[in-house]
Amino acid sequence: MKKYIISFVCFAFIGCNYNKIYENRESDKQDAQKVINKFYFLIQNKNNKEVFKLFSNRFFQEVGKERFERILDKTDNDFGKVKDYELIDSWTQITEGSNPISKYELSYLVTRDSTQTKEYFRLQKENNSIKIISYRLDFDIVPKK
């Protein structure tokens, strides 16, 4: 009987997942910010080929590279070049253990030549590299005077 109990306890521990979750650590936020800083640097220099490398393939399955390039060009033409950007909100969640996953969400207020936009990024770690999986740009249709 003891053998069965010991065997059951061993299988119970083998089947469990052990994870440790960290939320909103400063170092994790800084890691994600490095990716976004590179994004804006490349956008300012119109280096779309390198910008695409910052995005997950998952993003391009939804949007497509050609369409995203048109979005970047239209944004640049309609609102002007990025002059400055400021982080206004962030959230990170890093799960370490048997089911690791790293998630990041950053929001920026971006000053462009003719207006300000709010830009939202969702990122996730893929193969030890943080990639953008979602990008959203909001703007006022009628600029404030």
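Above this text you will find the structure in question.
Calculation rules
Residues numbered from 1 in each chain as written. Predicted model: local features only at pLDDT ≥ 70, side-chain atom pairs only at ≥ 80, totals over all residues. Heavy atoms only, no water. Pairing = 2+ DSSP bridges. Helix = DSSP H or I, 4+ residues; strand = E, 2+ residues; numbered from the N terminus. Buried < 20%, exposed > 50% of the residue type's maximum accessible area, 1.4 Å probe, protein only. Core = buried A, V, L, I, M, F, W, Y, C linked by side-chain atoms within 4.5 Å. Contact = heavy atoms within 4.5 Å. Axes fitted to C-alpha atoms, helices over the stretch in contact; angles between N-to-C directions.

**Concerning the pairing of strand β3 (residues 101-112)**
Here's step 1: Bridging between strand β2 (residues 82-97) and β3 involves 12 bridges; their strand directions are antiparallel. Residue Leu-87 lies in a different strand from β3, and its bridge partner there is Tyr-108.
Here's step 2: The antiparallel hairpin formed by β2 and β3 contains three residues in its connecting segment.
Here's step 3: Sheet analysis places β3 next to strand β4 (residues 116-126), joined by nine bridges and oriented antiparallel. What sits directly across from Leu-109, in β4, is Lys-118.
Here's step 4: Following β3, the chain reverses through three residues before pairing antiparallel with β4.

**Observations regarding unusual backbone geometry**
Here's step 1: Residue Lys-46 is not a glycine yet carries a positive backbone phi of 50°.
Here's step 2: Mapped onto the elements of the fold, Lys-46 is located in the loop between α2 (26-44) and α3 (48-52).
Here's step 3: With relative accessibility at 48%, the residue Lys-46 sits in the partly exposed group.

**Observations regarding the nonpolar core**
In summary, soluble globular proteins display a tendency toward joint burial of nonpolar side chains.
Here's step 1: Residues Phe-39, Phe-55, Phe-68, Phe-121, Leu-123 and Ile-132 are the most contacted members of the largest nonpolar core, which totals 28 residues.
Here's step 2: Residue assignment for this core shows that the elements contributing at least two residues are α2, α3, α4 (57-62), α5 (65-79), β2, β3, β4 and β5 (129-139).
Here's step 3: For this core, the element with the most residues is α2, which contributes seven residues.
Here's step 4: If we ignore the near neighbours within four places in the chain, the residues touching Leu-123 are Ala-32, Val-35, Ile-36, Ser-102, Lys-103, Tyr-104, Leu-106, Ile-130, Lys-131, Ile-132 and Ile-133.

**Topic: the sheet that holds β4**
Here's step 1: Taken together, the five strands give an open sheet; going across it, the order is β1-β2-β3-β4-β5, and neighbouring strands pair in antiparallel fashion. Of all the strands in the sheet, just β1 (19-23) and β5 have a single pairing partner and so form its edges. Direction aside, the axes of adjacent strands within the sheet are offset by 15° on average.
Here's step 2: Contacting β2, β3, β4 and β5, α2 crosses the sheet at an angle of about 145° to β2.
Here's step 3: Contacts from α5 reach β3 and β5, with the element oriented near 45° to β5.

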